[in-house]
Amino acid sequence: MNITLRVNGESHDLDLDPRVSLLDALRHHLHLTGTKKGCDHGQCGACTVLLNGRRINACLTLACMHDGDDITTIEGIGADGLTPLQQAFIEHDGFQCGYCTPGQICSAVGMAEELRQGWPSHVTDDLTADPELTRDEIAERMSGNLCRCSCYPGIVNAIRQSLGEQA
Amino acid sequence: MTVAKPLPHDAALLHVTGQARYVDDIPAPVGTLHLAFGLSAVAHGRITGMDLDAVRAAPGVVAVLTAEDLPFANDVSPGAHDEPLLADGTVHYVGQPIFLVVAETHLAARKAARLGRITYEELPALLTIDQALAADSRFESGPRIWSRGDAAAAIAIAPRMIEGTMEIGGQEHFYLEGQAAFALPQENGDVVVQSSTQHPTEIQHKVAEALGLPMSGVRVEVRRMGGGFGGKESQGNALAVACAVAARATGRPCKMRYDRDDDMVITGKRHDFRISYRVGYDDQGRVQGIEFLHLVRCGWAMDLSLPVADRAMLHADNAYFLPHVRIESHRLRTNTQSATAFRGFGGPQGIVAVERVMDHIAHTLNRDPLEVRQANFYAPDGSQSTPYGMRVTDSIIGDLAARLAETSDYHARRRAVAEWNATNPVLKKGIALTPVKFGISFTLSHLNQAGALVHVYQDGSIHLNHGGTEMGQGLFQKVAQVAAAGFGVDISRVRISATDTGKVPNTSATAASSGSDLNGMAVKAAVDTIRQRLAEMLAQEHQCAPADVHFADDRVTVGGADYTFEEVIHRAYTQRISLSATGFYKTPDLSWDRIKGQGRPFFYFAYGAAVSEVVLDTLTGESRILRTDILHDVGASLNPALDIGQVEGGFVQGAGWLTTEELVWDDKGRLRTHAPSTYKIPACGDRPRVFNVALWDGPNRADTIYKSKAVGEPPFMHGISVLMALSDAVAACGPDYPALDGPATAERLLRAVRRQVGHEL
Ligand code: FES
Ligand code: FES
């Protein structure tokens, strides 16, 4: 079927089998290979992208459900100069093999927005106050992005630093 | 000098912008075909019929290959020739590849692979250690036995004796990038293979065998892996060979990538062990004599099981002097995935057992386990030797553990834990300090060699190639630092290129933590050769000795003259001096007889220690790591930032192995934990709440690259501190020694707690 995806600000007309996941559409049809496939089951977070500003697992949704939607992938983040978050990932060694990194970064961008909007998480004590940027909050909110190299200390520090600076 | 700097990873910028390419990201030429295996559904059986008509008729399928269609060798084993690419009449585990589908798309290949109709005459399957032992199903003719002194006699006369058994689970690598390979046919039947492998030379070798080519007809390239951890030392062979064979059959480029479930079902994992011990000791807890029995579940093919099981035996002592010792190791053949290399390569299993022994001894004496450990540490004076007769001349474990106990406030916290446990009935805490001493070198001595190729171009830029592969450990960056330091130039001049069997031949796997040790030295040798040529050229011009020519800060000074690096390079070029060199290195002083279990298999040891404190919910068995402090010895670090990353990552992975990562096979031999939904690796919230990692500040006593030490595997063993801390927490629930097995999942912990309070569960 024919759909239009807006990816990183650019419109793409695609003719896709309705069973093609958004992840495969990005990787195979648009050749945007920055978004990774770790499990294809919604369990590792390597494929995280932003859909109209909200983070989702691109392997768990079908491309044809997103006709007209705005999608941001890692290629669209810091395209004109690294963002503070990306800088912080480098500074704090937030990766080793790097395979989870695009997903971590997209997820962190989405998470920052959720925090700004005051969404509580499982570990937020006070559901009415604005959630604080504690290590536990970050860890809980980033728990959907696995890193087998276990760079979690670096990832948390990078996110804390970049969000802390923005706050 | 550019060594010893905390520079970020060489591809840092590419990683954070999503531009770093892995095999599946390399743009594939139009017409590329995709592959999938049809897999065995039974654990052991003779294939009586294979109806592949539906597979062939499926949309998008271009070809279907079986063992009979393979033109040359049908083997993807790393040596034993016991691992066919496609099953040849008999299947040996659930998940064994039987046929190969070649199709227009990845999805078409996978779907078609499901349509094969295979009939089997099922044979009895040996799935467990007990079944294999009863059937005497093993590799090698009998157990390997190494000993020193008379362990049985020493145990008999020792004041005290205990015995016990520990089950130690395997571990799935779960490299986030699954196995992948890509083959591009060349003229004259040659082939170029891109592979996600730690061992490009092995891929080259197996592909050449499968295509009936000399190795020179196959070129293998590896830019990077999305994690390896040992799982890409031999397990990538099947995909690369499949791609090459299919490319030969169809004349088109072929790509293969396992989906996660297939990856977990097909590939080998860490060996699971059962280790029994009998130990005699005195009232201080000093070991007088000890016997270990290692039962190793190797799976269906030999793969790397012998050296893995050897390394477990080689680490049965960990950091402790064992005066009388006997280690018996059975390498059992079962109808399960062929267990393979995994960070530590058997070492962690050997070490966790002796840590259990120390813990158990301390419990019987009602002493702090740290005291017992300290009573058994290797002396720093070099007077003692390992069970295999290698003198331990570089032991710093006593000082290192003492320093960590102090900086982590171990003793006060141990008292605080005891107080907490005395007043809290539900949440119990535990704390433990465990050491590691890990032997560095491949135990197959001839593997301890490496080559490098360095070019300096006319413009002063430097191109670097070596035999090591990059899987996130930061090897490329470290090696580039070595090259930059050698030339006295900024690292930005050094371009690191993909590992390529066409540039550096006959390489060993990037494994055994040896990547920077071996390749760093080889690069240094190549750089030294070129620098010497430059120095001689300038020395001649300036009538001085080559040693008086200095390379630093992107400049070269000699006598009163001062040149830019470019000037010198340009001069050398016009004077027709070669600006390209190879380098070679082999580790000195190794000798090892693995049958006798005697010799000097290691160049040196790396040391470290970790303290972990945990809290355990005795009503649910759930636990958390409250705090971990690690002090780790990397010699004089080449790159502290990368090394700390390795230490943190190794610890978390080790803790995962011993806590949440549980592999479950059913009674048909099917792996039931074949996806992250059922197999739980550590997530962000599982790291310790407080996590302090420091590097020991002494140089390596052995003559290694800038006196650094290998760092890939040793920190993995710090995860053992978590298991021992959990054991400490369970011990606080009742009178008995908990004898926790690994992994200590919530279910196991709950059961252990229930046993302590007198309920079987
Ligand atoms: S690939 Fe989508 S969550 Fe793993
Ligand atoms: S950096 Fe390797 S998986 Fe995260």
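Residues numbered from 1 in each chain as written. Chains lettered and ligands numbered in written order. Predicted model: local features only at pLDDT ≥ 70, side-chain atom pairs only at ≥ 80, totals over all residues. Heavy atoms only, no water.

Draft legend 1. Focus on the overall build of chain A. Summing up its helical and strand segments, chain A has five helices and five strands in all. Secondary structure elements of chain A occur, N-terminal to C-terminal, as β-β-α-β-β-β-α-α-α-α. For chain A, the C-alpha radius of gyration of 16 Å lies close to 15 Å, the compact-globule estimate for 167 residues. Along the longest, intermediate and shortest principal axes, the C-alpha atoms of chain A span 45 × 35 × 30 Å. By the burial criterion, 56% of the 167 residues in chain A qualify as buried. Residue pairs in contact within chain A that sit at least 24 positions apart in sequence constitute 56% of those at least 6 positions apart. For chain A, the exposed surface amounts to about 6900 Å²; the carbon and sulfur share of it is 47%. (Helix = DSSP H or I, 4+ residues; strand = E, 2+ residues; numbered from the N terminus. Rg over C-alpha atoms; globule rule 2.2 N^0.38 Å. Buried < 20%, exposed > 50% of the residue type's maximum accessible area, 1.4 Å probe, protein only. Contact = heavy atoms within 4.5 Å. Areas by Shrake-Rupley, 256 points an atom, 1.4 Å probe, with all protein chains shown as cover.)

Draft legend 2. Representation of the side chain of Gln96(B) in the model. Residues and elements named next belong to chain B. Relative to the helices and strands, Gln96 resides in the loop between β4 (90-91) and β5 (97-103). Gln96 sits in the buried class, given a relative accessible area of 1%. A polar contact is formed between the side chain of Gln96 and the backbone nitrogen of His92, at a distance of 2.6 Å. Leaving out residues up to four positions away in the same chain, Gln96 has contacts with Gly38, Leu39, Ser40, Pro84, Ala87, Thr90, Val91 and Trp300. (Polar contact = N/O pair within 3.5 Å; in protein donor to acceptor, adjacent residues only side chain to side chain.)

Draft legend 3. Structural context of the interface of chain A and chain B. Taken together, the contact pairs 41 residues of chain A with 51 residues of chain B. Buried area between chain A and chain B, summed over both chains or domains, comes out near 3700 Å², and the portion from carbon and sulfur atoms is 59%. Counting across the interface, chain A meets chain B through five salt bridges. As a salt-bridge pair, Asp136(A) and Arg689(B) come within 3.5 Å of each other at their nearest N and O atoms. Our count for the chain A to chain B interface comes out at 17 residue pairs in polar contact (both at pLDDT 80 or more). (Buried area = accessible area lost by both parts, 1.4 Å probe. Salt bridge = Lys/Arg side-chain N within 4 Å of Asp/Glu carboxyl O.)

Draft legend 4. Quick look at the packing of helix α18 (residues 720-731) of chain B against helix α19 (residues 746-756) of chain B. All names here are of chain B. Contact pair α18 / α19: the axes reach a minimum separation of 9 Å and the direction vectors enclose 30°. Regarding the angle of α18 to α19, the classification is roughly parallel. Like other packed secondary-structure pairs, α18 and α19 cross with a definite hand, here right-handed. From α18, Leu726, Val730 and Ala731 reach across to α19, where they touch Leu749, Ala752, Val753 and Gln756. Tallied by class, residues from the contact of α18 with α19 come to six nonpolar, one polar and no charged. (Axes fitted to C-alpha atoms, helices over the stretch in contact; angles between N-to-C directions. Parallel < 35°, antiparallel > 145°, perpendicular 65-115°, else oblique. Left-handed = near helix turned anticlockwise from the far one by under 90°. Nonpolar A, V, L, I, M, F, W, Y, C, P; charged D, E, K, R; others polar.)

Draft legend 5. Fine view of the domain arrangement of chain A. Residue and element names in this part refer to chain A. Domain boundaries in chain A define domain 1 (2-76) and domain 2 (84-162). Spacing between the C-alpha centres of domain 1 and domain 2 amounts to 21 Å. The interface of domain 1 with domain 2 comprises 16 residues on the first partner and 17 residues on the second. In this structure, the connection of domain 1 to domain 2 is made through one salt bridge. Of the charged contacts in the structure, one is a salt bridge between Arg55 and Glu114, with a shortest N-O distance of 2.9 Å. Considering each element in turn, the side of domain 1 that touches domain 2 owes the most residues, three residues, to strand β3 (residues 48-51). Residue composition of the side of domain 1 that touches domain 2, by class: five nonpolar, seven polar and four charged. (Domains from an automatic or database assignment.)

Draft legend 6. Representation of the nonpolar core. Judged by nonpolar contacts, the single largest core of 152 residues is most densely connected at Phe292(B), Val352(B), Ile361(B), Leu433(B) and Phe487(B). Looking at this core, the element that brings in the most residues is helix α15 (residues 515-542) of chain B, giving twelve residues. Setting aside anything within four residues of it in sequence, one finds Val352(B) in contact with Met166(B), Ile168(B), Trp657(B), Leu658(B), Ile720(B), Leu723(B) and Met724(B). Formed by 49 residues, the second largest nonpolar core is a distinct cluster that contains Leu146(A), Tyr152(A), Leu163(A) and Ala683(B). (Core = buried A, V, L, I, M, F, W, Y, C linked by side-chain atoms within 4.5 Å.)

Draft legend 7. Geometry of the packing of aromatic side chains. Residue and element names in this part refer to chain B. This model, assessed by the stated rule, comprises 15 aromatic pairs over all chains. The interplanar angle of 80° and the centroid separation of 6.1 Å between the aromatic rings of Tyr388 and Phe602 together place this pair among those described as edge-to-face. Within this pair, whereas Tyr388 is found in the loop between α11 (369-376) and α12 (397-407), its partner Phe602 is found in the loop between β26 (598-600) and β27 (604-617), the two being separated by 214 residues in sequence. Like Tyr388, the residue Phe602 is buried in the burial classification. Grouped by ring-pair contacts, the aromatic residues Trp146, Tyr388, Trp592, Phe602, Phe605 and Tyr607 constitute a single cluster. Between the NZ or CZ atom of Arg270 and the centre of the ring of Phe342, over which it lies, the distance is 4.4 Å. Its end group placed over the ring of Trp420, Lys429 keeps NZ or CZ at 4.0 Å from the ring centre. (Phe/Tyr/Trp six-rings, centres within 6.5 Å; stacked < 30°, edge-to-face > 60°. Lys NZ or Arg CZ within 6 Å of the ring centre and 35° of its normal.)

Draft legend 8. Summary view of the pattern of salt bridges. In total, this model carries 59 salt bridges over all chains according to the counting rule given. Between Glu328(B) and Arg326(B) there is a salt bridge, and its shortest N-O distance comes to 2.8 Å. Taking relative accessible area as the criterion, Glu328(B) reaches 16% and is therefore assigned buried. A single salt-bridge network, built from bridges that share partners, covers Arg27(A), Lys36(A), Asp24(B), Asp25(B), Lys255(B) and Arg257(B).

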